[in-house]
Amino acid sequence: MGCMNYIKRFVVTAVIFCSLLLGWVYLLGELMPEEPTTPLWQESLSQLHELYRITFRQSHNTLQQASQLSADSLPAIAVIMRVIAESERIHCRICQRAIESLGDNVSAPSTPDAEPQPTMQVIEQKLAQKERLNRETLPQAIGQALSDENRYIARMLTWYNANNNYHIRLLKASYGEDMELGAVSDGAKKDRTEAYYLCPTCGHIEIMELAPYCCPHCMTSRSEFMLFK
Ligand SMILES: [Zn+2]
């Protein structure tokens, strides 16, 4: 009898021990999160790096074209190109800040000098590039930042998106105006040249005469706006 009791106790202890062990292994599996396959923000980072390279090249290229347009005596488009180039440079800085806020660094891409092209062609290429940015690249990047729950980056990219829209409108307007003025005297061209204010924080552009008290995107005061004329 003593022997049987001993075996019974042994079996019961063994069963309890095994159940506890299995339970513990199960709980461990439930509680320990799986190793993430990609680091946090990886998707946002690669999109931001792409946008950084695009805006870096864009602003460089737009400034070059602005000087070509000045040389071609197209002052109204030249001033538009200069203010857009500066707005693009601000977008580039915005992308850099966003990348750095995610703990990464940028390195400036190469900027090969563009061949001089006819003005019409220059504007058409710019429009196509900006429309592609607004249709694909920026909505994807903003969507990603929102799904990462990073509203700081989503907001900066939304500024970029809105300003890019305004660049498109400016370019389209200039397209009609200055091109028609090609046949008119230099004096008439100067009369039609508009002056612009640029917000140094977010790259927002306003026509000088209609500029509001502060930037509608980021609340920077009008007294800090940069003047282009
Ligand atoms: Zn602003």
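### Some words on the nonpolar core
Here is step 1 of the chain: Ranked by size, the top nonpolar core spans 40 residues in total, and within it Met 81, Val 83, Cys 95 and Leu 198 carry the most contacts.
Here is step 2 of the chain: Of all elements in the fold, only α2 (42-71), α3 (75-101), α4 (119-147), α5 (151-181) and β1 (196-198) reach the threshold of two or more residues within this core.
Here is step 3 of the chain: Ranked by residue count, the leading element in this core is α3, at 14 residues.
Here is step 4 of the chain: Once residues within four sequence positions are removed from consideration, Met 81 is found in contact with Thr 62, Gln 65, Ala 66 and Leu 69.

### What about the sheet that holds strand β3 (residues 226-228)?
Here is step 1 of the chain: Reading across from one edge, β2-β1-β3 is the order of the three strands in this open sheet, with antiparallel pairing throughout. Every other strand in the sheet has two partners, leaving β2 (205-207) and β3 as the edge strands with one partner each. Sheet twist, expressed as the average angle between the axes of neighbouring strands with direction ignored, equals 30 degrees.
Here is step 2 of the chain: Note: β1 against β2, three bridges, orientation antiparallel. Each residue of the ladder has a partner; that of Tyr 197, found in β2, is Glu 206.
Here is step 3 of the chain: Contacting β1, β2 and β3, α3 runs over the sheet at an angle of about 5 degrees to β1.

About the criteria used
Sequence positions are assigned chain by chain, starting from 1 and proceeding in written order. Two thresholds apply to this predicted model, a pLDDT of at least 70 for residue-level local features and 80 or more for giving and counting side-chain atom pairs, whereas whole-chain, interface and lining totals are computed over all residues. Any nonpolar core is a set of buried residues, restricted to Ala, Val, Leu, Ile, Met, Phe, Trp, Tyr and Cys, that join up through C-beta atoms within 7 Å. Counting other C-beta atoms within 10 Å of a residue's C-beta gives its exposure: the residue is buried at 20 or more, exposed at 12 or fewer, and partly exposed in between, where C-beta atoms are placed from the backbone. Runs of H or I in DSSP of at least four residues are treated as helices and runs of E of at least two as strands, each being numbered from the N terminus. Remark: residues whose backbone-derived C-beta atoms lie within 7 Å of one another are considered to be in contact. In this scheme, strands are said to pair when DSSP sees at least two bridges between them. Throughout, an axis means a line fitted to C-alpha atoms (over the contacting stretch in the case of helices), and angles, computed between N-to-C directions, take values from 0 to 180 degrees.

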